Amino acid sequence: MLLKPTFLMGLVFTKWACAFLLCCCLITSGVYSVEGLHGSSKVRGVNLGGWLVIEGWIKPSLFDGIANGDMLDGTEVQFKSVTSQKYVSAENGGGMNVTVDRDVPSSWETFRLWRTSESEFQFRTSEGQFLTCDGGGHFVSATAKSPSTYETYEIERSGKNRIHLKIKGGAYLQATTDGQLSANYPGTPGWDDNAATFEMTVVSNSLHGDYQLANGYGHNRAKDVLRRHRNSFITIEDFKFLYKHGINTVRIPVGWWIAFDPDPPGPYIGGTLEALDNAFLWAQEYDIKCIIDLHAAPGSQNGMEHSSSRDGFTGWPTSPDYISDSLHVIEFLVSRYAKHPALLGIELLNEPSAGTVSLDVLIPYYKQGYQIVRKYSSSAYVIICQRIGVADPLELYQANIGSHNIVLDLHFYNLFDPFFVNMSAVDNIQYIYKSREGQLQALNNSDGPLVLVGEWVNEWNVTKGSQKDYQDFGRAQLDVYNAASFGWCYWTVKNDREHWDFEWNIRNNYLQLGNSSRKQSLNILGLLGLVFSWFCLLQFL
């Protein structure tokens, strides 16, 4: 049969039209895909925060039973003599004598507690040295590099503020008339105005992590508290809930001590490995994938409670041993779970601080971590986290860390910065579209890792936001973060603060996962394109 030229032209045109529409369909349904996920081509995830790495603000009641709970490890305190009304000061922030001669307190007059018992403490200066005194009658200096017996003091309290300080040998410290601090007060001081009585001001008690909990309770009580918490905070019912609402991934923060389970170094408490094994079993049952996230590295990578810092200092980048130990943890985790069907990826380090962790330290660590993961798995995604603080995500694109299945993790919060303080609901939403969307588009189009928005939350600094305001804010974030080439993970699954609590948001209709208008319109366009393409083929082929 001979075909007319017009028919042939129409057939050719139709084939090109079909090809074009099929391409449109593919574009609108998402260019990127992540292997092995349920329910979506990309990660739609939730963090299991506050479970295997403790963050006290997520569940403050965990700390309620600690005696002297306002004096946990890392608490910042200042001492003022009641007689001279002068503050105790470590000259130059440490490394010299300790005086009692300052009218106004600042960093030299602020000490961080190391807790050795309910009533005994060591005091670290702003430069990192410890107060030390080797016996009665001697002066106190801030010259010890590490603490031991001579650096340990008993605190006696009267009420909330008045204290005595006593060295291990029994002598009380006093403020001398010439402005020194010495261990030679005669006898036992009362609580009236005398040279051995000081007023203690708690400047900050903001660290409530695993170290503070375990060291605050002591091993036996902490073991009981954490056992109950790990068995009840996250259960298989949570995985059932997540699956029901379209979540296909959980990002699970873990601490470095998991590699030493069941008997990690003190004061840490074993049991996190068993809980992580359970999470993998539950995830497999509900076709959910797991990202294991090294949230707390040895020595702390950012000085915050979620990195299990003892006192706010960032020790991880300063010690080759800490970095080597972190790589050991990565190897332990990937060797254990590499063949598990629920494993999606390993995150090598959460939120290293831009102010203290240099790229010269971080990039070699990431490269070694990538090679360790690849030794055990050719397919597991290797996730690297952007530094927090002033840091450009492109700095990690240029580092050539790995060539296959590598992901950059960004954390987006309209919080924690004065920039967001006076923003209205509309301002916050516009910021998502005007700033975050452009950043994600630029990174998606760069030649480098896939992009994960690994932490975000439906919360802001708007004090009187309505339910509709929250719905609009959540919808804007989903509109934009759905475009991230690897996907997103909400922070966090449960929280005493309602708007941080993913399950609360879903149950109370503050976060509407299915109502991303942009995603819906794109999916509709893609479906229409596909239907029209097949219609054309049926007509002309």
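Located above this text is the structure these notes cover.
All values derive from a computational prediction rather than experimental measurement. (Residues numbered from 1 in each chain as written. Predicted model: local features only at pLDDT ≥ 70, side-chain atom pairs only at ≥ 80, totals over all residues. Heavy atoms only, no water.)

Draft legend 1. Fine view of the environment of His 411. Within the secondary structure, His 411 sits in strand β18 (residues 406–411). As a C-alpha pair, His 411 and Tyr 490 span 79 residues in sequence and 9.9 Å in three-dimensional space. Discounting residues that sit within four places of it in the chain, His 411 has contacts with Arg 251, Asn 350, Glu 351, Cys 385, Gly 454 and Glu 455. A distance of 2.7 Å separates a polar atom in the side chain of His 411 from a polar atom in the side chain of Glu 351. A polar contact of 2.9 Å, which involves the side chain of His 411, links it to the side chain of Asp 409. (Helix = DSSP H or I, 4+ residues; strand = E, 2+ residues; numbered from the N terminus. Contact = heavy atoms within 4.5 Å. Polar contact = N/O pair within 3.5 Å; in protein donor to acceptor, adjacent residues only side chain to side chain.)

Draft legend 2. Representation of the side chain of Asp 293 within the structure. Summarising the element assignment, Asp 293 is placed in strand β15 (residues 289–296). In this structure the side chain of Asp 293 is engaged in a polar contact, spanning 3.4 Å, whose partner is the side chain of Arg 251. Those residues within four positions of Asp 293 in sequence are excluded, and the remaining contacts are Arg 251, Ile 252, Pro 253, Val 254, Glu 347, Leu 349 and Asn 350.

Draft legend 3. Highlighting helix α6 (residues 320–337). Between the first and last C-alpha of α6 there are 26 Å, a value that for 18 residues agrees with the 26 Å anticipated at 1.5 Å per step. Ile 323, Ser 326, Leu 327, Val 329, Ile 330, Phe 332, Leu 333, Val 334 and Tyr 337 are the residues of α6 that are buried. Close packing links the buried residues of α6 with β14 (249–255), α5 (272–285), β15, β16 (343–347) and α7 (359–376). (Expected span 1.5 Å × (residues − 1). Buried < 20%, exposed > 50% of the residue type's maximum accessible area, 1.4 Å probe, protein only.)

Draft legend 4. Representation of the sheet that holds β14. Read around the closed barrel, the eight strands follow the order β1-β14-β15-β16-β17-β18-β19-β20; overall the barrel is parallel. For this sheet the average axis-to-axis angle between neighbouring strands, irrespective of direction, equals 25°. Bridge count between strand β1 (residues 43–47) and strand β20 (residues 487–490): four bridges; the pairing is parallel. Bridge pairing in β20 links Val 46 to Tyr 490. Each of β14, β15 and β16 touches α6; the most contacted strand, β15, lies at about 165° to it. (Pairing = 2+ DSSP bridges. Axes fitted to C-alpha atoms, helices over the stretch in contact; angles between N-to-C directions.)

Nothing here speaks to function; it is geometry throughout.
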